[in-house]
Amino acid sequence: MKLARIELSRDDIHKRLGGGIPYGSIILIEGEESTGKSIIAQRLAYGFLQNAHSVTYISTQLTTLEFVKQMMSLNYNINKKLLSGVLLYIPVYPLISDNLQKEDFIKKLMETRTFYEKDVVIYDTISSLIVNDASDIKVNDLIAFFKRIAAMNKIVIYTINPKELPESVLTLFRTAATMVFKTEIYTFGGSVKNLVRVEKYNLARGPYQKTMVFRVEPNLGIAVEISSVA
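Notes on the structure follow. (Residues numbered from 1 in each chain as written. Predicted model: local features only at pLDDT ≥ 70, side-chain atom pairs only at ≥ 80, totals over all residues. Heavy atoms only, no water.)

Leu-17, Leu-44, Phe-48, Ile-157 and Phe-181 are the most contacted members of the largest nonpolar core, which totals 40 residues. Looking at which element gives the most residues to this core, the answer is helix H2 (residues 37-50), with eight residues. What Leu-44 contacts, discounting residues up to four positions off in sequence, is Ile-6, Leu-17, Ile-29, Ile-157 and Phe-181. Leu-142, Tyr-158, Leu-165 and Val-180 belong to the second largest nonpolar core, which has 32 residues in total. (Core = buried A, V, L, I, M, F, W, Y, C linked by side-chain atoms within 4.5 Å. Buried < 20%, exposed > 50% of the residue type's maximum accessible area, 1.4 Å probe, protein only. Helix = DSSP H or I, 4+ residues; strand = E, 2+ residues; numbered from the N terminus. Contact = heavy atoms within 4.5 Å.)

See below:
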């Protein structure tokens, strides 16, 4: 199975994840608010783009301008990728920011063919997008659809806040994923640290690091630290 490279000269995350992401992967990045889910998704997206892979990024949090500014603050310059169409960015924040119940999002996700024309599709965060439409039956249909997309040698990534979905739905998303990352915040030596655990990696082509402590630095992005975890 071929690997989609995510290599950047400024960090060694690609090595820590076994040299890249296998085509056909379905990746869950799970964590509560402000634990680093989006940063991980953004680093993966930029890594894919810098290694000649096309990306669709659907965001429930940032407008297009906010996303560009966020990426630039990390020195992840994606302007040319946006203009060339290699990166398709879809902000859905205006659709879910009011108090109205939004339904049929799952159906719309499966019917919007444009999302799946790229090599990689990222939903950040899918739990916010489907929170009012997340029955077990509908989520089962969505997962079956994602598996069909992944089987076409594409990569599907979704971030989830576990507080936004019932446990039965979370179990469906976790079980379907070939990779599961869990993000959290912890305190070490008086400092607050970001932590990501690789809890599942079914298609790994090489050795990978199961736990990474990282910090986020302006003009650098993610920097993985050598640190103990209590």
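Following the structure, the description resumes.
Next up on the list: the pattern of salt bridges. Applying the stated criterion across every chain, the model contains twelve salt bridges. Taking the shortest distance from any N to any O, the salt bridge between Glu-32 and Lys-163 comes out at 3.5 Å. In this pair, Glu-32 is assigned in the loop between strand E3 (26-30) and H2 and Lys-163 in the loop between strand E7 (155-160) and helix H9 (167-176), connecting sequence segments 131 residues apart. In this structure, the salt-bridge partner of Glu-225 is Arg-215, at a minimum N-O distance of 3.4 Å. (Salt bridge = Lys/Arg side-chain N within 4 Å of Asp/Glu carboxyl O.)

So, about the sheet that holds strand E11 (residues 221-225). Pairing between the strands of a sheet comes from backbone hydrogen bonds, and it takes one of two forms, parallel or antiparallel. Read from one edge to the other, the open sheet built from nine strands follows the order E5-E4-E6-E7-E3-E8-E9-E10-E11, with strand pairing classed as mixed. Only two strands of the sheet have a single neighbouring strand rather than two, namely strand E5 (87-91) and E11. Averaged over all neighbouring strand pairs, the angle between strand axes comes to 20°, with direction disregarded. The pairing of strand E4 (residues 55-59) with strand E6 (residues 120-124) spans five bridges and is parallel. Within E6, the position partnered with Thr-56 by the bridge is Val-121. (Pairing = 2+ DSSP bridges. Axes fitted to C-alpha atoms, helices over the stretch in contact; angles between N-to-C directions.)

In short, geometric facts, not functional conclusions.
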